[in-house]
Amino acid sequence: MKTILIIEDDARIAAALEVRLKAAGYRVLISADGHHGVLAAASQNPDLIISDIWMPKPIGFLGGERRRFLGLEHVPVIYITGSKKKDLRQIAIEEGAAGFFEKPYDARELLATVADSLAQQPLAATQPAFELSEVS
Amino acid sequence: MTTYQQSNRKTILIVEDDVKTARALAIRLEAAGYEVLTALDGVQGVRRALDHRPDLIISDIWLPVGIGFSVAQRLQRAGLGNIPVVFMTASRLPGLKEAAIQLGAAAYFEKPYDPAALLRTIVCVLDTTANHRDHPGTHAHIQGITA
């Protein structure tokens, strides 16, 4: 079963997304801010990340260098945002985003992007990038 | 390709004891349109951050008077934990990267670093986080992971 990490501070949006993803057969993890999202991503080895952009302790885009830093080179990241800020989509895609959705998003389209991204995903590492519990 | 050029003069604080490295980095950042502040040790770095509230901090890890991690920790305790911190180091000491992740680092570069990659990373962080730092309720709720 593929694991999807949702990083989203709006509990209702996260819950709605969780229901849809679980119904589609995925295991779902949720983090409510960017910092915990990064910790979860680095330690839980998700197969795909869906991340909000504006949230407490934001993490911004997980571009190539940052994904390498976190050991997430092969993990697709899909962004969802309520922001209409110019150029966000372009930067996200250029930095390797698997998808970019403005809220309100089309859930079916998001699920299709999730499925496509996972289908194209190279063989992922079987171990978490980091054992964070070992770090004092 | 997007031109990684800032138009609204965001401020980056460099905390780096090697003057040549700091200067070279400052030149690149200024050429990319950022306003740059520098500090040569950890204590000065904290003071400059508190005084100027930069949009992002680039910090060496091994510094005179406090390591880069302690700079980030002191800023977190001072309520400035939402300033993204990018760590740079020449050290290959095991565990540094993991400690940086736990500390909430925005990114981590080993020296010698790729300047273009650093600039792209700064855009990834600043274009999506800088305006948010002043958003009310930023610290309103911090929750762990749920499954």
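A. Examining the overall build of chain B more closely. Looking only at helices and strands, chain B has five helices and five strands in total. Put simply, chain B runs from its N terminus to its C terminus through helices and strands in the order β-α-β-α-β-α-β-α-β-α. For chain B, the residues scored as buried account for 37% of the 147 residues in total. Sequence-distant contacts, at least 24 apart, represent 62% of the contacts inside chain B between residues at least 6 apart.

B. Fine view of the overall build of chain A. When its secondary structure is counted, chain A shows five helices and five strands. Listing each helix as α and each strand as β along chain A from the N terminus yields β-α-β-α-β-α-β-α-β-α. Within chain A, the fraction of its 136 residues that count as buried is 50%. Expressed as a percentage of contacts within chain A between residues at least 6 apart in sequence, the contacts between residues at least 24 apart total 66%.

C. Quick look at the sheet that holds strand 2 (residues 35-39) of chain B. Residues and elements named next belong to chain B. Strand order across the open sheet formed by five strands is 2-1-3-4-5, with parallel pairing between neighbours. On the outer flanks of this sheet lie strand 2 and strand 5 (107-110), each paired with one strand and no other. Sheet twist, expressed as the mean angle between neighbouring strand axes with direction ignored, is 20°. Sheet analysis places strand 4 (residues 85-89) next to strand 5, joined by four bridges and oriented parallel. Paired with Thr89 across the bridge in strand 5 is Glu110.

D. Quick look at the sheet that holds strand 2 (residues 27-31) of chain A. Residues and elements named next belong to chain A. Strand order in the open sheet made by the five strands is 2-1-3-4-5, with parallel pairing throughout. Either end of the sheet is taken by a strand with one partner, and the two such strands are strand 2 and strand 5 (99-102). The mean angle between the axes of side-by-side strands here comes to 15°, regardless of whether they run parallel or antiparallel. Of the strands in this sheet, strand 1 (3-7), strand 2 and strand 3 (48-52) are in contact with helix 1 (residues 11-23), which crosses strand 2 at around 165°.

E. Focus on the pairing of strand 1 of chain A. Residue and element names in this part refer to chain A. Judged by how many residues are buried, strand 1 sits mostly within the fold: four of five residues are covered. When strand 1 meets strand 3, the two strands line up parallel, connected through four bridges. By the bridge assignment, Ile6 is partnered in strand 3 with Ile50.

F. Local environment of the pairing of strand 4 (residues 77-81) of chain A. All names here are of chain A. Burial runs high along strand 4: five of the five residues are buried. Side chains Val77, Tyr79 and Thr81 project from strand 4 onto one buried face, and the interleaved Ile78 and Ile80 project onto a second face that is buried too. Judged from the four bridges that link them, strand 3 and strand 4 form a sheet pairing that is parallel. Its bridge partner being in strand 4, Asp52 is matched across the sheet by Ile80. Read from strand 3 through helix 3 (residues 64-69) to strand 4, the crossover connection turns out right-handed. Relative to strand 5, strand 4 runs parallel, the two sharing four bridges. Across the sheet, the residue bridging to Tyr79 is Phe100, located in strand 5. Where the polypeptide runs from strand 4 across helix 4 (residues 88-94) and back to strand 5, its parallel neighbour, the crossover connection is right-handed.

G. Summary view of helix 1 (residues 19-31) of chain B. Taking 1.5 Å of rise per residue, the 13 residues of helix 1 of chain B would be expected to cover 18 Å, and the 18 Å separating its terminal C-alpha atoms lies within 8% of that figure. Positive phi appears at Gly33 of chain B, one or two residues downstream of helix 1 of chain B, with a value of about 100°.

Here is what the cut-offs are and how they apply
Residues numbered from 1 in each chain as written. Chains lettered and ligands numbered in written order. Predicted model: local features only at pLDDT ≥ 70, side-chain atom pairs only at ≥ 80, totals over all residues. Helix = DSSP H or I, 4+ residues; strand = E, 2+ residues; numbered from the N terminus. Buried ≥ 20, exposed ≤ 12 C-beta atoms within 10 Å, placed from the backbone. Contact = placed C-beta atoms within 7 Å. Pairing = 2+ DSSP bridges. Axes fitted to C-alpha atoms, helices over the stretch in contact; angles between N-to-C directions. Right-handed = clockwise from strand over helix to strand, strands pointing away. Expected span 1.5 Å × (residues − 1).

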